[in-house]
Amino acid sequence: MTLLDPSLTKIVLIINLFAVQCLLGVPTDQARIDALLEKMTLAEKVGQMSQYNLGSQDRDVSESDVRNGMVGSFLNAGDRESKQRLQQIAVDESRLGIPLIFGRDVIHGYRTIFPIPLAQSASWNPELVKAAAAVAAREAAQMGIHWTFSPMLDISRDPRWGRIAESPGEDPYLGTLMAKAMVEGYQGNNLDDPNTIAACAKHYVGYGAAEGGRDYNTTWIPEQYLRNVYLRPFKAAVEAGVATVMTGFNDLNGIPASANVFTLRQILRDEWKFNGFVVSDWTSMTEMILHGFCVDTADVALKSAIAGVDMEMVSHSYQMYLEQLVNEGAINIKLIDEMVANILGVKIKLGLFENPYPPAEDKQVLLHADHLSTARQLAAESMVLLKNEGQVLPIQPSVKRIAIIGPLADDGDAQIGTWAPDGRGEDAITPLAAFKVIESANLKIEYVAGLEHPRSTSTSGFRKAVKAVKKADLAFVFVGEDELLSGEAHNRAFLSLPGAQAELIAEIIKTKTPIVLVIMAGRPLTITEYISECEGVIYAWHPGTMGGPALVDLVTGKSQFTARLPVVLPRTVGQIPLYYAHMNTGRPATKDMLGIPQGTPQDPIAYLSYYLDADYTPLFDFGFGLTYSTFEYSKLELSSREMKSGETLTASCTLQNTGNSKAIETAQLYIRDRFGSLTRPVKELIGYQRIELNPGESTRVVFELSESDLAYWKQDLGFGAEAGEFHLMVGSSANDDDLLLSKFNLVTE
Ligand code: NOJ
């Protein structure tokens, strides 16, 4: 028997399906689209290309617009009933009965809120992230939503940018894993399954590179860098079958994203063969006038259509000018037909023509116990343990009294985080509530906020907080940002703790009671000053509905810390942009420049790439995260010192759990291409494995590499690996001190 390659099997199945459809006379998607296009007027085609925000200020949309076929989609279309009503008008009362597609920002959950996407990335657990997206889809679908504006796939190397909270972090490899997981989670195996929704890869592309971390700002990204970093998660999303893509607000190399023929036509359609539809971001099309790229609204419509934006979100340049542009001959009707076909294709795949209405109402779906349990697990797997001196955690039996300090310990809204329009603070179980559950005769919990709000500057609550900590055996001090400080347009020039939180920590440190600092934030904050004085440090992000129980599970040892940083944590804002996969430069800093005290200018040590007044390295590196155990890596071996084209190379090392508890280690594989036609990063993540070991247990960790793992977009803009020396590193983080190093050569013809 000959076994077919799985991709060939898929092609054979598709051909068979097509043949069966033809024999049975079932119209194919294309035939259905063609039949509709034939019947549609130009105005109805433009209607399909128009998305309205219900209640939008700039132009009211009425039910008669829906009836007249002038609307293809709504975002934020209200509750189930409101959507049902609009859909009924579209389906039963419009001439062709084309259903509406309802979009919504279901970014990290619908009602059950998961950790912010950056935190989800910290889980390094795509399977769990996929499960969370599937939960979000199920809840959203129940409410009549067909389409989420997620995943956001903008690689970000600048924590000043508020939207880093929604991003997969700084690394393109991790970004591709998150992209695939989220698309598969939302869309499932079949888009017409009533529990799935269409995903939207956004913001295409480069939006995360906004200059100065200021949202909507200009981006300049050379093509190789664009392809090697920013485009990769989007490509992964397209390969995973993402139904839609959203353009960004940014101008990229001088061309706004919504009129970028190069990224939208050449890359997305011609190279990647994307067959879904492209939607603009909210008024990003008409903003091209302010960018100074389009002279007026007609020019906006012309340039966006030529670039291939199929649907316009909120602004109305298509409604106003597309017909005229076609009639004048500036736009060929064939182009319009292609764009409408892209939209109809997604509506057909979603099964909207057969099932336009939400599934039967089931009040059990939102906040279902299974959903909350996935949220609890993902929250636990996203919190990064950064410090655990003297094994202050898990909480020891000798601890009889715990002080909980800081308003963020009991702030449901903050813990839900940014971009959760359907999430509710009151659903969230806060850390304080979860600590109260474990309170007993043997363990007293005392809470003092110390500050009215994380941004308050009044120190009047400090005395009471200090008094509580003095009486306690252990203090958990919650600091960070509330939900309003990150997200769209919520950028910061300072990344220190807002309000008087730093002063509060300083007062608490004086008590000498052991402290576990819990940072709740939508981005990396600079916490350099405090951590040396705190025994424990946990980066908890904005962990969502079940953040409190997840944290208590971790600190009591009921669950294990497994999370790893998906971004570096800078020491100070002046180091930004700071990321592990940087180039070496001709004058790399050396170890003598380590440990330069922050803020105190030194005499120049050398003419190298470093700061006079701060260490040049991050406070914590990408990939870093502690467990309740310790691990040792040794005996890194390669199957050969040479990899020939077409061959694989095996790298293996011994990993031993050298601590006292069973734990999961994330063994990371990095490579460095030593000499390239372009300068190459000092290291790039190309794989990792999560391995659970008992105390004392050891195993061989084995990675297999092939030439494609070494490939990149080269100077000549070809994609491939270049012959020569490579460094291969395996270890527990991107920090050199945590990595074993070996070398091999790639030999090509
Ligand atoms: C603007 C945001 O940039 C985008 O991410 C979001 O999906 C849309 N508004 C719709 O709300």
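Quantities reported herein were computed from a predicted structural model and do not represent experimental measurements.

## Notes on the site of the ligand
Right, so step 1: Near the ligand there are 13 residues, and of these Asp105, Arg163, Lys202, His203 and Asp281 occur at the shortest range.
Right, so step 2: Between the ligand and His203 there is a distance of 2.7 Å, counted from an oxygen atom to a side-chain nitrogen or oxygen.
Right, so step 3: Within the side chain of Asp281, an N or O atom sits 2.5 Å from an oxygen atom of the ligand.
Right, so step 4: Classifying every residue of the shell around the ligand by side-chain character gives 7 nonpolar, 1 polar and 5 charged.

## What to know about helix 5 (residues 80–93)
Right, so step 1: For helix 5, which comprises 14 residues, the first-to-last C-alpha distance of 19 Å matches the rise-based estimate of 20 Å (1.5 Å per residue) to within 8%.
Right, so step 2: Looking at helix 5, one finds that the buried residues are Arg80, Lys83, Leu86, Gln87, Ile89 and Ala90.
Right, so step 3: Summarising the contacts, the buried residues of helix 5 are in contact with helix 4 (63–67), strand 2 (73–75), strand 3 (101–104) and helix 7 (126–142).

## Considerations on unusual backbone geometry
Right, so step 1: Cis geometry marks the peptide bond from Tyr204 to Val205, where omega comes out at -10°.
Right, so step 2: Cis geometry marks the peptide bond from Leu393 to Pro394; its omega dihedral reads -10°.
Right, so step 3: Of note, Lys273 is a non-glycine position whose phi angle comes to about 60°, a positive value.
Right, so step 4: Mapped onto the elements, Lys273 comes out in the loop between helix 11 (261–271) and strand 9 (277–279).
Right, so step 5: Lys273 gets classed as exposed once you look at its relative accessible area, which sits at 60%.
Right, so step 6: Non-glycine residue Trp419 carries a positive phi angle of around 50°.
Right, so step 7: Positionally, Trp419 belongs in the loop between helix 17 (412–416) and helix 18 (431–437).
Right, so step 8: For Trp419, a relative accessible area of 24% corresponds to the partly exposed category.

## Quick look at the pattern of salt bridges
Right, so step 1: Across all of its chains, the model carries 40 salt bridges by this definition.
Right, so step 2: Between Glu446 and Lys471 there is a salt bridge, with its nearest N and O atoms 3.3 Å apart. One end of the pair, Glu446, is in strand 13 (residues 444–448); the other, Lys471, is in helix 19 (residues 462–471), and 25 residues separate them in sequence.
Right, so step 3: The exposure class assigned to Lys471 is partly exposed, which follows from its relative accessible area of 44%.
Right, so step 4: Where Asp482 meets Arg455, a salt bridge forms, and the shortest distance between an N and an O atom there is 2.6 Å. Within this pair, whereas Asp482 is found in the loop between strand 14 (474–480) and helix 20 (501–509), its partner Arg455 is found in the loop between strand 13 and helix 19, the two being separated by 27 residues in sequence.
Right, so step 5: What makes Asp482 buried here is its relative accessible area of 2%.
Right, so step 6: You can call Arg455 partly exposed: its relative accessible area is 37%.
Right, so step 7: Counted as one network, the salt bridges with shared partners bring together Arg80, Glu361 and Lys363.

## Re the sheet that holds strand 20 (residues 663–673)
Right, so step 1: The 5 strands lie next to each other as 18-26-25-20-21, forming an open sheet whose pairing is mixed. Two strands close off the open sheet at either side, each with one partner strand: strand 18 (642–644) and strand 21 (684–693). When strand polarity is set aside, the average angle formed by the axes of neighbouring strands in this sheet is 25°.
Right, so step 2: Where strand 25 (residues 724–731) meets strand 26 (residues 739–747), 8 bridges bridge the pair, whose relative direction is antiparallel. Following the sheet pairing, Gly724 is matched in strand 26 by Leu746.

## Focus: the packing of helix 9 (residues 223–230) against helix 11
Right, so step 1: Running from amino to carboxyl end, helix 9 crosses helix 11 at an angle of 50°, the nearest separation of the two axes being 14 Å. Judged by the angle between their axes, helix 9 and helix 11 are oblique. In the crossing of helix 9 with helix 11, the sense of the turn from one axis to the other is right-handed. On helix 11, the residues that touch Glu223, Leu226 and Arg227 of helix 9 are Phe262, Thr263, Gln266, Ile267 and Glu271.
Right, so step 2: Among the residues making up the contact of helix 9 with helix 11, the classes are represented as 3 nonpolar, 2 polar and 3 charged.

## Regarding the sheet that holds strand 1 (residues 50–53)
Note on sheets: strands pair through backbone hydrogen bonds, and any given pair is parallel or antiparallel.
Right, so step 1: With respect to topology, 5 strands assemble into an open sheet ordered 4-3-2-1-10, the strand pairing being parallel. What marks the edges here is a single partner per strand, and that holds for strand 4 (147–148) and strand 10 (312–313).
Right, so step 2: Where strand 1 meets strand 2, 3 bridges bridge the pair, whose relative direction is parallel. Pairing of Tyr52 across the sheet is with Phe74, part of strand 2.

## Comments concerning the domain arrangement of the protein chain
Right, so step 1: Taken domain by domain, the protein chain holds domain 1 (27–349), domain 2 (380–555), domain 3 (581–617) and domain 4 (631–747).
Right, so step 2: Once you take the C-alpha centre of each, domain 3 and domain 4 turn out to be 27 Å apart.
Right, so step 3: With 5 residues of domain 3 in contact, the opposing surface of domain 4 contributes 7 residues.
Right, so step 4: Here domain 3 meets domain 4 over a buried area of about 470 Å², counting both sides, of which 57% is carbon and sulfur.

## A short note on the packing of aromatic side chains
Right, so step 1: Under the counting rule described, the total for this entry stands at 20 aromatic pairs.
Right, so step 2: Ring centres of Tyr207 and Phe249 lie 6.1 Å apart, and the angle between their planes is 55°; this geometry places the pair in the tilted category. In this pair, Tyr207 sits in the loop between strand 5 (200–204) and helix 9 while Phe249 sits in the loop between strand 6 (244–247) and strand 7 (251–252), placing the two residues 42 residues apart along the sequence. With respect to burial, Tyr207 and Phe249 carry one shared label: buried.
Right, so step 3: Three or more aromatic residues joined by ring pairs form one cluster here, namely Trp124, Tyr173, Tyr580, Phe622, Tyr670 and Tyr688.
Right, so step 4: One cation-aromatic arrangement involves Arg227 over Trp713; the distance from NZ or CZ to the ring centre is 4.4 Å.
Right, so step 5: Across the ring face of Tyr712, the terminal group of Arg680 is positioned such that the distance to the ring centre comes to 3.5 Å.

## So, the nonpolar core
Right, so step 1: Counting residues in hydrophobic clusters, the biggest one holds 109 residues, and the most contacted among them are Trp147, Tyr204, Val242, Leu268, Tyr318, Leu322 and Phe622.
Right, so step 2: Two domains each put at least three residues into this core: domain 1 (27–349) and domain 4 (631–747).
Right, so step 3: Residues within four places of Val242 in sequence aside, it is in contact with Val183, Gln187, Ala199, Cys200, Ala201, Ala237 and Phe274.
Right, so step 4: Among the nonpolar cores identified, the runner-up in size contains 50 residues, and Leu118, Ala210, Val448 and Ile505 belong to it.

## Quick word on helix 19
Right, so step 1: Every buried residue of helix 19 is listed here: Phe462, Ala465, Val466, Ala468 and Val469. Buried residues along helix 19 cover an arc of 160° about the axis, so they all sit on one side. Facing away from the buried side of helix 19 by over 90 degrees, the exposed positions are Arg463, Lys464, Lys467 and Lys470.
Right, so step 2: Among the structural elements, strand 12 (401–405), strand 13, strand 14 and helix 20 are those in contact with the buried residues of helix 19.

## Points about the packing of helix 9 against helix 10 (residues 232–239)
Axes are the key here: two packed helices are described by the angle between their axes and the distance separating the axes.
Right, so step 1: Taken N-terminus to C-terminus, the directions of helix 9 and helix 10 make an angle of 55°; their axes are 5 Å apart at the nearest point. Put simply, helix 9 runs oblique to helix 10. Contacts from Arg227, Asn228, Val229 and Tyr230 of helix 9 reach helix 10 at Arg232, Pro233 and Phe234.
Right, so step 2: Residue composition of the contact of helix 9 with helix 10, by class: 4 nonpolar, 1 polar and 2 charged.

## Remarks on the side chain of Arg111
Right, so step 1: Relative to the helices and strands, Arg111 is located in the loop between strand 3 and helix 6 (117–122).
Right, so step 2: One polar contact links Arg111 to Asp427, side chain to side chain, over a distance of 2.6 Å.
Right, so step 3: Here Arg111 is in contact with Glu139, Leu366, Leu367, Asp422, Gly423, Arg424, Asp427 and Thr545, once residues within four sequence places are set aside.

Criteria and thresholds
Residues numbered from 1 in each chain as written. Predicted model: local features only at pLDDT ≥ 70, side-chain atom pairs only at ≥ 80, totals over all residues. Heavy atoms only, no water. Near = heavy atom within 4 Å. Polar contact = N/O pair within 3.5 Å; in protein donor to acceptor, adjacent residues only side chain to side chain. Nonpolar A, V, L, I, M, F, W, Y, C, P; charged D, E, K, R; others polar. Helix = DSSP H or I, 4+ residues; strand = E, 2+ residues; numbered from the N terminus. Expected span 1.5 Å × (residues − 1). Buried < 20%, exposed > 50% of the residue type's maximum accessible area, 1.4 Å probe, protein only. Contact = heavy atoms within 4.5 Å. Salt bridge = Lys/Arg side-chain N within 4 Å of Asp/Glu carboxyl O. Pairing = 2+ DSSP bridges. Axes fitted to C-alpha atoms, helices over the stretch in contact; angles between N-to-C directions. Parallel < 35°, antiparallel > 145°, perpendicular 65-115°, else oblique. Left-handed = near helix turned anticlockwise from the far one by under 90°. Domains from an automatic or database assignment. Buried area = accessible area lost by both parts, 1.4 Å probe. Phe/Tyr/Trp six-rings, centres within 6.5 Å; stacked < 30°, edge-to-face > 60°. Lys NZ or Arg CZ within 6 Å of the ring centre and 35° of its normal. Core = buried A, V, L, I, M, F, W, Y, C linked by side-chain atoms within 4.5 Å. Arc of directions from axis to C-beta.

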